Amino acid sequence: MTRTTKIVGVGAVLAILLVGIPALINISGRWDLYYTLTSVALLSIASGGVWLTFYIGRINIGQGAYALMGGYVSAILVVKYGVSFWLTLPIAGLFCGAVSVLIGIPILRLRGVYFAMITLVLTEVARLSMLALPITNGAKGITNIPLPGAVEVFGLTLIPDFATLSNAKPAFYYLSIVLMILCFAGLYRLVNSRLGKLCRSLQQNEELASSIGVNIAYLRVVAYVISSFLGGIGGATFAAISQSVYPSSFTIADSINFMLNCFLGGLGYVFGPMLGTLVLYFGWDLLFQTGEFQLLIFSTVLIALILALPNGLLSLRFSKAGKESVGRE
Amino acid sequence: MSELLQVIGLTKRFGGLTAVNNVSFSVQEHEILSVIGPNGAGKSTLFKLIASFLRTSGGEVRFRGERISNLAPHITARKGIVRTFQETTIFKGMTVRENVVIAHHLRSKASLFGFFIESPAAARDEQEFGRSADQILEFLDLGEIKNEVASNLPQGHLRALGIAIGLSTDPTVLLLDEPFAGMNHDETRRAVEMVRSVRDRGVTLLLVEHDMSAVMKISDRIVVLNFGEKIAEGTPEEIQSNESVIEAYLGIEDESIGL
Ligand SMILES: Nc1ncnc2c1ncn2[C@@H]1O[C@H](COP(=O)(O)OP(=O)(O)O)[C@@H](O)[C@H]1O
Ligand SMILES: [Mg+2]
């Protein structure tokens with residue numbers, strides 16, 4: 001791809017996301033799509049984090065824990081301490097990142113199924129902690145979280161108070177889309193820099209990586225922290241949109257979905273989790289009419305898809321271009 | 001000549017099994033020293049101990065007089081002691097050139113964050129590594145196949161790639177574990193030349209190898225292990241006429257040690 005086609009492509013995608021889709025929604029009057037697409041954007045941010053841990057060769061089924069944690073950190077700061085949501089957003093991400101250092105250092109030595117199992121348990125531990133901690137208000141959760149307030153610099157309103165808007169849905173849509181764009185632009189940059197090569201060297205052979213001087217323990221933690229940061233950001237924004245957070249806001253099922261989004265989109269492609277989330281989310285919704293068969297049909301189609309396209313949906317597009325994919329070992 | 005590497009009373013126990021038992025020898029600068037011995041003698045374990053891939057149970061390794069045993073592998077590598085693997089170990093999903101470029105990581109001056117934002121230092125590194133990688137690939141006759149994905153390569157090329165990876169780290173001491181395994185006669189001959197020219201670049205080489213004719217041709221000195229213990233040390237001629245070596249290899253075909 002030449003530089004110009006790249007710029008045009010990126011421009012087109014941005015235009016569709018920020019102008020095209022809102023215009024279509026306005027014309028068609030399908031306002032519910034705002035909520036759906038906002039959710040997809042936020043879930044794909046969390047999935048993007050999971051994808052990064054896949055990229056260093058770890059199966060991460062624990063992202064729900066960080067999404068939940070991020071949601072609570074933001075909610076508690078907003079409700080109990082009156083901190084602006086905009087400030088709590090990075091704080092939630094950083095908090096999750098910090099916690100993931102403590103958790104990551106011991107568990108990232110594990111590989112394969114062992115790491116996967118531990119992370120799975122992590123989600124449940126997070127849920128139980130939110131039930132039990134004095135500050136999280138138990139099963140009742142934290143509700144009536146005020147909408148994000150205004151951001152003003154020298155009297156200039158950069159972001160209006162969401163509560164003053166007649167409809168906050170488009171505002172949340174723009175917020176989530178911008179976050180998603182930032183997240184995936186960052187991941188894209190990371191993967192295409194030498195840092196990404198180092199991550200791939202971990203995925204393919206940790207022993208060899210360390211013998212060429214890569215500090216594998218450190219790099220693993222760095223990747224996991226970025227992953228958890230993204231989980232926290234996604235969770236915090238979700239809490240702001242639904243104006244509530246409960247211990248069951250993110251469960252093991254969500255953690256598994258984050259992982260499936262990555263599988264479905266393609267582990268070798270940085271935009272895989274975005275596509276995977278979109279397809280999985282809409283696929284699930286479309287099957288709603290099938291009632292009790294929803295899960296059965298959904299799972300069958302999913303298994304078939306993963307068997308037919310082991311490198312994910314995006315491999316359809318890239319296999320012709322000769323771009324080699326990354327195996328999952 | 002000076003003593004570059006000293007192995008002093010090195011011991012490794014796996015549960016009840018003593019894989020390396022009180023082994024001592026030293027390595028001179030710029031020499032090619034081979035470690036031989038029957039299967040299971042502890043050769044690979046010895047290399048892993050020297051490169052800090054295993055913790056010692058006793059004894060120590062000194063590099064230029066400084067104790068280097070029981071460090072993390074990447075730290076030992078940064079000090080200039082780099083090991084290749086008995087099992088051909090490469091980054092399978094990368095191209096030959098990508099393998100060699102990434103192996104330059106040790107030489108890089110930029111930080112992880114520098115790589116992310118493509119700082120001037122990172123850009124300089126990247127350019128220099130590409131150039132050096134191309135040189136190494138030419139040097140090892142891999143230039144033609146540099147854009148092949150490594151998992152598609154035949155044995156001979158894989159071994160050469162393993163050596164290329166080792167060389168890219170700009171090692172002071174390179175430990176090669178069975179670099180000629182799986183090669184045919186012709187490939188071995190070329191690989192022996194290759195190892196010699198690596199030494200001529202100023203690298204000190206430690207070698208584990210089963211191909212005895214290659215070992216006898218290439219080595220300045222040889223250390224013989226049997227059941228984890230050093231039973232002999234000397235020049236190829238001394239080793240070929242050593243009683244206990246012949247005894248250790250009895251029961252194995254005589255040819256296998258080139259007697
Ligand atoms: N990680 C390990 N755990 C237990 N035993 C091991 C381990 N690695 C090697 N051994 C044992 O140590 C002995 C020496 O092995 P090794 O160093 O691989 O021999 P060589 O390379 O000379 O063939 C063998 O008996 C082997 O089974
Ligand atoms: Mg061995």
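Residues numbered from 1 in each chain as written. Chains lettered and ligands numbered in written order. Predicted model: local features only at pLDDT ≥ 70, side-chain atom pairs only at ≥ 80, totals over all residues. Heavy atoms only, no water.

Q: Describe the interface of chain A and chain B, with residues and values.
A: Size of an interface, as often reported, equals the accessible area lost when the parts are brought together. Counting residues at the interface gives 25 residues for chain A, matched by 30 residues for chain B. When the buried area of chain A at its contact with chain B is split by residue, A:Arg194, A:Leu208 and A:Ile212 rank highest and sum to 29% of it. Of the charged contacts in the structure, one is a salt bridge between A:Lys197 and B:Glu98, with a shortest N-O distance of 3.6 Å. Seen at the junction of chain A and chain B, the total is nine residue pairs in polar contact (both at pLDDT 80 or more). Only helix 6 (168–192), helix 7 (194–204), helix 8 (206–211) and helix 9 (216–242) of chain A provide two or more residues apiece to the side of chain A that touches chain B. (Contact = heavy atoms within 4.5 Å. Buried area = accessible area lost by both parts, 1.4 Å probe. Salt bridge = Lys/Arg side-chain N within 4 Å of Asp/Glu carboxyl O. Polar contact = N/O pair within 3.5 Å; in protein donor to acceptor, adjacent residues only side chain to side chain. Helix = DSSP H or I, 4+ residues; strand = E, 2+ residues; numbered from the N terminus.)

Q: Any details on the sheet that holds strand 3 (residues 32–36) of chain B? Residues and values, ideally.
A: Residues and elements named next belong to chain B. Spatially, six strands are ordered 6-7-8-3-9-10 in an open sheet, and the strand pairing comes out mixed. Either end of the sheet is taken by a strand with one partner, and the two such strands are strand 6 (81–83) and strand 10 (229–234). On average, each strand axis in the sheet is inclined to that of its neighbour by 15°, with strand direction left out of account. (Pairing = 2+ DSSP bridges. Axes fitted to C-alpha atoms, helices over the stretch in contact; angles between N-to-C directions.)

Q: Break down unusual backbone geometry for me, with residues and values.
A: Although it is not a glycine, A:Asn144 adopts a positive phi angle of roughly 55°. With respect to the helices, strands and loops of the structure, A:Asn144 is situated in the loop between helix 5 (112–132) and strand 1 (151–153). The phi torsion at B:Phe227 lies on the positive side, around 45°, for a residue other than glycine. On the basis of relative accessible area, B:Phe227 is assigned to the exposed category, the value being 70%. (Buried < 20%, exposed > 50% of the residue type's maximum accessible area, 1.4 Å probe, protein only.)

Q: Requested: an account of the nonpolar core, with residues and values cited.
A: In summary, soluble globular proteins display a tendency toward joint burial of nonpolar side chains. Counting residues in each nonpolar core, the largest one holds 167 residues, and the members touching the most others are B:Leu5, B:Ile50 and B:Leu161. For this core, the leading source of residues is helix 6 of chain A, giving 13 residues. Domain assignment of the residues forming this core places at least three in each of domain 1 (1–80 + 174–184 + 205–259) and domain 2 (88–170) of chain B. Filtering out sequence-adjacent residues up to four positions away, B:Leu5 remains in contact with B:Phe25, B:Ser26, B:Val27, B:Ile50, B:Val61, B:Arg62, B:Phe63, B:Ile68, B:Ile81 and B:Val173. (Core = buried A, V, L, I, M, F, W, Y, C linked by side-chain atoms within 4.5 Å. Domains from an automatic or database assignment.)

Q: Break down the environment of A:Pro106 for me, with residues and values.
A: Residues and elements named next belong to chain A. Positionally, Pro 106 belongs in helix 4 (residues 85–107). Look at Pro 106 and you get partly exposed, because its relative accessible area is 46%. For the pair formed by Pro 106 and Leu 275, sequence separation is 169 residues and the distance between their alpha carbons is 32 Å.

Q: Got a sec to walk through the state of the cysteines? Specific residues and values, please.
A: All names here are of chain A. Overall, the coordinates contain zero disulfides over all chains when judged by the stated rule. Of all cysteine sulfurs in the structure, the one in Cys 183 sits closest to Cys 96, which takes part in no disulfide; the separation is 14 Å. Given a relative accessible area of 0%, Cys 96 falls into the buried group. Left unpaired, Cys 183 is separated from the closest cysteine sulfur, that of Cys 262, by 11 Å. (Disulfide = S-S within 2.5 Å.)

Q: Residue-level account of empty space enclosed by the protein, with values.
A: Scanning all chains against the criterion turns up five cavities of 30 Å³ or more. By volume, the largest cavity is sized at about 130 Å³. B:Thr84, B:Phe85, B:Arg159, B:Gly162 and B:Ile163 are, among the 18 residues lining the largest cavity, the residues nearest its centre. Where the lining of the largest cavity is concerned, the elements lending two or more residues are helix 8 of chain A together with strand 6, helix 6 (155–168) and strand 7 (173–177) of chain B. (1 Å grid on protein atoms, 1.4 Å probe; cavity = no way out; pocket = protein on both sides within 12 Å on 5 of 7 lines; lining within 4 Å. Points joined across faces, edges and corners; volume = space filled by probe spheres on them.)

Q: Can you tell me about the site of ligand 1, naming the residues and giving the values?
A: All names here are of chain B. In the vicinity of ligand 1, the contacting residues are Phe 14, Leu 17, Ala 19, Asn 39, Gly 40, Ala 41, Gly 42, Lys 43, Ser 44 and Thr 45. For ligand 1, an oxygen atom lies 2.8 Å from a polar atom in the backbone of Lys 43. One of the side-chain nitrogen or oxygen atoms of Thr 45 is found 2.5 Å away from an oxygen atom of ligand 1. In isolation ligand 1 offers 560 Å² of accessible surface; the protein chains occlude 61% of this area. For the shell around ligand 1, the elements supplying multiple residues, two or more each, are strand 2 (17–28) and helix 1 (43–50). No other element matches the three residues that helix 1 contributes to the shell around ligand 1. Residue composition of the shell around ligand 1, by class: four nonpolar, five polar and one charged. (Near = heavy atom within 4 Å. Areas by Shrake-Rupley, 256 points an atom, 1.4 Å probe, with all protein chains shown as cover. Nonpolar A, V, L, I, M, F, W, Y, C, P; charged D, E, K, R; others polar.)

Q: Break down the confidence of the model for chain A for me, citing the residues and quoting the values.
A: One rule of thumb: low pLDDT means the predicted coordinates there are not for detailed reading. Residues and elements named next belong to chain A. Mean pLDDT over chain A: 89, with 96% of residues reaching 70 or higher. Taken element by element, chain A is modelled with least confidence in helix 13 (residues 315–321), mean pLDDT 57, and with most confidence in helix 4, mean pLDDT 97. Throughout residues 319–329 the model reports pLDDT below 50, and contacts reaching past four residues in sequence, or to other chains, amount to 17 contacts. (pLDDT = per-residue confidence, 0-100.)

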